[in-house]
Amino acid sequence: MTDRRARIERATKETKVLVEIDLDGSGAVDVATGVPFYDHMLTAFGAHGGFDLTVHAEGDVEIEAHHTVEDVAICLGQAIRQALGDKAGITRFGDAWVPMDESLAHAAVDVSGRPYFVHVGEPETLEAFTISGSSVPYHTVINRHVFESLSFHAQIALHVRVIHGRDPHHITEAEYKAVARALRQAVAIDPKAHGKVPSTKGVL
């Protein structure tokens, strides 16, 4: 099997980001973005995806976390796309249901090469909620943009649904874990594929 690792660096006037990923890792993570709750979510993403994941970011968090969160999502998507290579032998599709106490989220992935994103079910009140606990809060309104950026830059079709939930922390974490678990399935090597690209077109 070919090496399925990638390293992406991005530097702007607002942020400096490094993302490294190994799709065939063991869930080892090293995450430091300057946004503690986002670190928590990305740590869960790497662990539940079964990826070795390094994310280091410095950004203008004194203004708001938005730029850092967005640019990390962009780099993470690009790293996944790069690590997939020609996608030969992958399972391609994946889905996962993740409950977290009162919350339930579902994610479905198609590593199609055609970015598309659907996001439904988050309570309207979630958009106005801020997860604090540190000097740099995480505004849950950005959840949709994170997954949209990931989908676009990884070139995957991604559907994320919140079935029900009340606690913004639980809802957000269930979404991140569901996306990770679905992606874990989709990028896994399928022994029945015999190294072929899983498409009648011959390319993804």
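Our structure's up above, just so we're on the same page.
Per chain, residue numbering runs from 1 following the sequence as it is written. Local features in this predicted model are restricted to residues whose pLDDT is 70 or higher, and side-chain atom pairs enter the listing and the counts only when it is 80 or higher, whereas totals over whole chains, interfaces and linings include all residues. As a rule here, side-chain values come from all non-hydrogen atoms in the structure, and water together with hydrogens is ignored.

A.B. asks: Residue-level account of unusual backbone geometry, with values.
C.D. replies: Residues other than glycine seldom take positive phi values, yet Lys-87 does so here, at roughly 70°. Here Arg-92, not a glycine, exhibits a phi torsion of approximately 85°, which is positive. Each helix is a run of H or I in the DSSP string that is no shorter than four residues. Each strand is a run of E no shorter than two, and both are numbered from the N terminus. Within the secondary structure, Arg-92 sits in the loop between helix H2 (66–84) and strand E5 (93–100).

A.B. asks: An account of H2 is needed here, citing residue identities and associated values.
C.D. replies: What a helix should span is 1.5 Å times the count of its residues minus one. In this model H2 runs 27 Å from its N-terminal to its C-terminal C-alpha over 19 residues, within 8% of the 27 Å that 1.5 Å per residue would give. Looking one or two places after H2, you find Gly-85, whose phi comes out positive at around 60°.

A.B. asks: Lay out the nonpolar core with the relevant residues and their values.
C.D. replies: Counting residues in each nonpolar core, the largest one holds 57 residues, and the members touching the most others are Ile-21, Tyr-38, Phe-45, Leu-76, Ile-80, Tyr-138 and Val-146. When checking whether two residues touch, look at their non-hydrogen atoms; a contact exists if any pair is within 4.5 Å. Beyond its immediate sequence surroundings of up to four residues, Val-146 is in contact with Tyr-38, Val-69, Ala-73, Tyr-138 and Tyr-176. As used in this record, nonpolar core signifies buried Ala, Val, Leu, Ile, Met, Phe, Trp, Tyr and Cys residues forming a set joined through side-chain atoms within 4.5 Å. Exposed residues in this analysis have more than 50% of their type's maximum accessible area, buried residues have under 20%, and partly exposed residues fall in between, with area computed by a 1.4 Å probe over protein chains only.

A.B. asks: Residue-level account of the pattern of salt bridges, with values.
C.D. replies: Any carboxyl oxygen of Asp or Glu within 4 Å of a side-chain nitrogen of Lys or Arg constitutes a salt bridge here. Under the criterion given, the structure shown has eight salt bridges. Here Asp-71 ties to Arg-10 by a salt bridge, and the two come within 3.5 Å at their closest N and O atoms. Of the two residues, Asp-71 sits in helix H2 while Arg-10 sits in strand E1 (residues 5–11), which places them 61 residues apart along the sequence. One salt bridge connects Glu-173 with Lys-177, and the closest N-O pair in it is separated by 2.9 Å. Of this pair, Glu-173 and Lys-177 both sit in helix H4 (residues 168–187), separated by four residues, roughly a single helical turn. Three or more residues joined by partner-sharing salt bridges are found here, namely Asp-3, Arg-5 and Asp-22.

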